Amino acid sequence: MNADAQLIEHMMNPKNYGELKENDATGMGKNPQNGEKVAIYLKVKEGEDPIIEDIRFQAIGCTTTIVAGSIITSEAKGISFSRAQELVSVTLGMLDNLPPEDAACSEMVALALKAALDTYYERQKDPDFPMISYRINNDCTPKEEQQS
Amino acid sequence: MKKLFKEVHEVWLATQFTGFMSQTQSRQDLYEFANIFFKHLTWLENDFIKNKIPYDYSIDQVPIRVTHLSHMINNIVQRLESIQTLLPNCDDPHITERMQSDIAYIKSTLLKMPEEDVSYAFDTRRIYRNVPLTDEARDALTLFLFEESYKEYELIMVYNFSKAHSDDAFLNRIFQILVDESFFHLRSFGQMMAEMGILGVPRSLMEEIYKFNDLEQFLKDGIQEEIGAKEECKRLAQAVSSSSEYFASFFTFINNQENYHIALMEEALNHLQTKDRLK
């Protein structure tokens, strides 16, 4: 990851970092390879197409994960669930263009968001539905290490 | 009491990171005050444990981006005033009296600190005084400082939590050394971040990082992480060596220090395994 000014800003002051204790749904993205994980918490405004009123994330992960979490949650704040699902799809669709270590981090955040959205829908049917957790497919080992 | 604990944790970080911004004698004073606030945190923590009250290390983000030192000093004083109003929530009068006395002195001293322009610590220019860096070295150093400043904060809290919950004197000696080592590293990296104009307070820790059930596994993982950190230091020393002899020797020094941390963790692991065998 090149450390340009915008990214440095996210490293210095990650947006939406922390736990949202009064949440309506949470979701988790996990990297089974190294135990890294991202949790996303949503506060939702009910409706036909619910709105993400507030969003927070926490991570056990590297700086790239924090930057991805900061960017994706900033994009997701205030948008409808249908647009959030598009955001997840667009993010997952872009992963092939990223270095593996960056792809794995972004995938983990996108899947955590997807898990939170899916948990919310499930909880509309069953309030006790447990938090959904998705595992990433990308390998976060840098290409040069994979080849050696 | 939990609010008090959280605010003491936050004022410790605010004071420590204000110390990184300062380029005068105030830096040393702020470091000393930060040490005192960390000590307060451990007193309150022990009171939680004594009274079997569950607690955690969650905090809000601690904003520190200011142009002048006095802005942070005023912020710290405000935080201390809030802490003073919360002190009655702690039932142990010995703790509150000691904290009250420390805070009264620190507040009066803080307000006498000379003004400094500290905007350089946040200008994101990533220039190190008198040390030329290639773009590659600058990027590598930037990522390293963000990763490692968080890691050192994490280690301070993890070992502190482990120490607070252990009555094993042998292990506690090791945990305390590791806490002290991480303080030294956090200070080294914090000062470098300020110099590079990228200073930021580490994010709050997820509970499962320090509330683990298997200390043995934690130590095994920790040893692997330290070996990884050594490699990272070695890589970084190589990346910056062409542009800076100063950084190359600094990272070689840090790399060699990791050997000591590994030895300490191995010592703790052996101790635990021996204890298990004797059971």
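Predicted model, so just to flag it, every value in this text is computed and none were measured.

What counts, and at which threshold
- Residues numbered from 1 in each chain as written.
- Chains lettered and ligands numbered in written order.
- Predicted model: local features only at pLDDT ≥ 70, side-chain atom pairs only at ≥ 80, totals over all residues.
- Helix = DSSP H or I, 4+ residues; strand = E, 2+ residues; numbered from the N terminus.
- Rg over C-alpha atoms; globule rule 2.2 N^0.38 Å.
- Buried ≥ 20, exposed ≤ 12 C-beta atoms within 10 Å, placed from the backbone.
- Contact = placed C-beta atoms within 7 Å.
- Pairing = 2+ DSSP bridges.
- Nonpolar A, V, L, I, M, F, W, Y, C, P; charged D, E, K, R; others polar.
- Expected span 1.5 Å × (residues − 1).
- Domains from an automatic or database assignment.

Right, let's talk about the overall build of chain A for a bit. Looking only at helices and strands, chain A has five helices and four strands in total. Along the chain direction, N to C, the helices and strands of chain A fall in the order α-β-β-β-α-α-α-β-α. In terms of C-alpha radius of gyration, chain A reaches 15 Å, essentially the compact-globule figure of 15 Å for 148 residues. Seen through its principal axes, chain A has C-alpha atoms that stretch 50 × 30 × 25 Å. Sorting the 148 residues of chain A into buried and exposed places 44% on the buried side. Long-range pairs, those at least 24 residues apart, make up 65% of the contacts in chain A with a sequence separation of at least 6.

Moving on, we get to the pairing of strand β2 (residues 36-45) of chain A. All names here are of chain A. Across the ten residues that make up β2, a large majority, seven, are buried. Judged from the seven bridges that link them, strand β1 (residues 25-31) and β2 form a sheet pairing that is antiparallel. Bridging across to β2, Gly29 finds its partner in Val38. Hairpin connection between β1 and β2: a loop of four residues separates the two successive antiparallel strands, and Gly35 in this loop has a positive phi of roughly 80°. With nine bridges joining them, β2 and strand β3 (residues 51-60) adopt antiparallel strand pairing. Looking across to β3, one finds that Ala39 is bridged to Gln58. Joining the antiparallel neighbours β2 and β3 is a turn of five residues.

Turning to the interface of chain B and chain A, a few remarks are in order. On the side of chain A, 16 residues touch chain B, which itself brings 15 residues to the contact. Tallying contributions element by element places helix α5 (residues 135-164) of chain B first for the side of chain B that touches chain A, with five residues. The residue inventory of the side of chain B that touches chain A, partitioned by class, reads five nonpolar, six polar and four charged.

A word on the environment of Thr252(B). Here Thr252(B) shows up in helix α9 (residues 245-278). Sequence spacing of Thr252(B) and Ala140(B) is 112 residues, and the spatial spacing of their C-alpha atoms is 15 Å.

All right, on to the environment of Arg27(B) then. All names here are of chain B. Tracing the backbone through its elements, the reader meets Arg27 in helix α2 (residues 26-50). On the neighbour-count criterion, Arg27 (19 C-beta atoms within 10 Å) is partly exposed. Leaving out residues up to four positions away in the same chain, Arg27 has contacts with Gly19 and Ser22.

Bringing α2(B) into the picture now. Residues and elements named next belong to chain B. With 25 residues, α2 should reach 36 Å at 1.5 Å per residue; the first-to-last C-alpha distance of 36 Å fits that figure. Within the span of α2, buried status applies to Ser26, Leu30, Phe33, Ala34, Phe37, His40, Leu44 and Glu45. Against the buried residues of α2 lie α1 (2-21), α3 (69-86), α4 (93-110) and α5. Two residues or fewer after α2 comes Lys52, characterised by a positive phi angle close to 55°.

Our next topic: unusual backbone geometry. Most peptide bonds take the trans form, and the phi angle of most residues other than glycine is negative. Positioned with a positive phi, Asn16(A) is a non-glycine residue whose angle comes to about 60°. For Asn16(A), the location among the structural elements is in the loop between α1 (5-12) and β1. Phi at Arg126(B) is positive, roughly 55°, even though this residue is not glycine. With respect to the helices and strands, the residue Arg126(B) is situated in the loop between α4 and α5.

All names here are of chain B. The assigned domain composition of chain B is domain 1 (1-121) and domain 2 (123-279). Put simply, the middle of domain 1 and the middle of domain 2, counted by C-alpha atoms, are 23 Å apart. Each partner contributes to the interface: domain 1 provides 17 residues, whereas domain 2 provides 16 residues. Mapped by element, the contributors of at least two residues to the side of domain 1 that touches domain 2 are α1 and α2. Of the residues that constitute the side of domain 1 that touches domain 2, the class distribution is eleven nonpolar, four polar and two charged.

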